Amino acid sequence: MGIIISLLLGALAGFLAGKIMRGGGFGLLLNIIIGIVGGFIGGFIMNLLGVNAGGGMVIQLLVAVLGAVVLLWVISLFKK
């Protein structure tokens with residue numbers, strides 16, 4: 001059951017990051033990939049800053065969205 005929740009959180013994080021970065025949705029599979037990679041990036045950023053926000057699902061989603069936004073921003077730098 002945990003993997004399904006992780007995939008759903010990843011898809012939601014990728015979708016929200018796409019909306020924040022005005023890219024729209026990228027399709028379910030790409031949203032999941034962006035969200036999961038964003039979760040790792042967001043966790044890395046929070047660790048670098050020394051922030052331990054806990055492990056609730058809402059916090060995990062926010063961290064994943066933060067990381068996914070950073071990922072999409074970096075990708076947009078290479079697209080120009």
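Please refer to the structure placed before this passage.
Residues numbered from 1 in each chain as written. Predicted model: local features only at pLDDT ≥ 70, side-chain atom pairs only at ≥ 80, totals over all residues. Heavy atoms only, no water.

1. Here we look at the overall build of the protein chain
- In terms of helices and strands, the protein chain carries three helices and zero strands.
- Each helix (α) and strand (β) of the protein chain, taken in turn from the N terminus, gives the series α-α-α.
- Computed over its C-alpha atoms, the radius of gyration of the protein chain comes to 12 Å, within 12% of the 12 Å expected for a compact globule of 80 residues.
- Along the three orthogonal principal directions, the C-alpha set of the protein chain runs to about 35 × 30 × 15 Å.
- Residue pairs in contact within the protein chain that sit at least 24 positions apart in sequence constitute 66% of those at least 6 positions apart.
- When the accessible surface of the protein chain is split by element, carbon and sulfur atoms take 75% of a total near 5,400 Å². (Helix = DSSP H or I, 4+ residues; strand = E, 2+ residues; numbered from the N terminus. Rg over C-alpha atoms; globule rule 2.2 N^0.38 Å. Contact = heavy atoms within 4.5 Å. Areas by Shrake-Rupley, 256 points an atom, 1.4 Å probe, with all protein chains shown as cover.)

2. Things to note about helix 1 (residues 2–20)
- Helix length check: helix 1 (19 residues) gives 27 Å between terminal C-alpha atoms against 27 Å at 1.5 Å per residue, within 8%.
- For helix 1, the set of buried residues is Leu-9, Gly-10, Ala-11, Ala-13, Gly-14, Ala-17 and Gly-18.
- Where the residues of helix 1 are buried, they touch helix 2 (28–49) and helix 3 (57–79).
- Remark: Arg-22 follows helix 1 within two positions and exhibits a positive phi of approximately 60°. (Expected span 1.5 Å × (residues − 1). Buried < 20%, exposed > 50% of the residue type's maximum accessible area, 1.4 Å probe, protein only.)

3. A few points about the packing of helix 1 against helix 2
- At a minimum axis separation of 6 Å, helix 1 and helix 2 run at an interaxial angle of 95°. The pairing of helix 1 with helix 2 is recorded here as roughly perpendicular in orientation. The residues of helix 2 that touch helix 1, namely those facing Leu-7, Gly-10, Ala-11, Ala-13, Gly-14 and Phe-15, are Leu-28, Asn-31, Ile-32, Ile-34, Gly-35 and Ile-36.
- For the contact of helix 1 with helix 2, the per-class residue count stands at eight nonpolar, four polar and no charged. (Axes fitted to C-alpha atoms, helices over the stretch in contact; angles between N-to-C directions. Parallel < 35°, antiparallel > 145°, perpendicular 65-115°, else oblique. Nonpolar A, V, L, I, M, F, W, Y, C, P; charged D, E, K, R; others polar.)

4. Remarks on the environment of Ala-68
- Position of Ala-68 relative to the elements: it lies in helix 3.
- Residues Ala-68 and Phe-78, spaced ten residues apart in sequence, show a C-alpha to C-alpha distance of 16 Å.
- Residues in contact with Ala-68, not counting those within four places in the same chain, are Ala-13, Ala-17, Ile-34 and Gly-38.

5. Regarding a nonpolar patch on the surface
- A cluster of nonpolar side chains, Leu-12, Phe-15, Leu-16, Ile-20, Met-21, Trp-73, Val-74, Leu-77 and Phe-78, forms an exposed patch at the surface whose accessible area comes to about 850 Å².
- When contributions to the nonpolar patch are tallied by element, the ones reaching two or more residues are helix 1 and helix 3.
- Looking at the secondary structure, you find Ile-20 in helix 1.
- Taking relative accessible area as the criterion, Ile-20 reaches 52% and is therefore assigned exposed. (Patch = residues over 30% accessible without salt bridge, like charges linked within 9 Å, V, L, I, M, F, W, Y side chains within 5 Å. Salt bridge = Lys/Arg side-chain N within 4 Å of Asp/Glu carboxyl O.)

6. Looking at the nonpolar core
- Core analysis: the largest hydrophobic core is formed by eleven residues, namely Leu-9, Ala-13, Ala-17, Ile-34, Leu-61, Ala-64, Val-65, Ala-68, Val-69, Leu-71 and Leu-72.
- Among the secondary structure elements, those contributing two or more residues to this core are helix 1 and helix 3.
- Not counting the four nearest positions on each side in its chain, Ile-34 is found in contact with Gly-14, Phe-26, Ala-68, Leu-71 and Leu-72. (Core = buried A, V, L, I, M, F, W, Y, C linked by side-chain atoms within 4.5 Å.)

Honestly, that's just the spatial picture; any functional story needs more than this.
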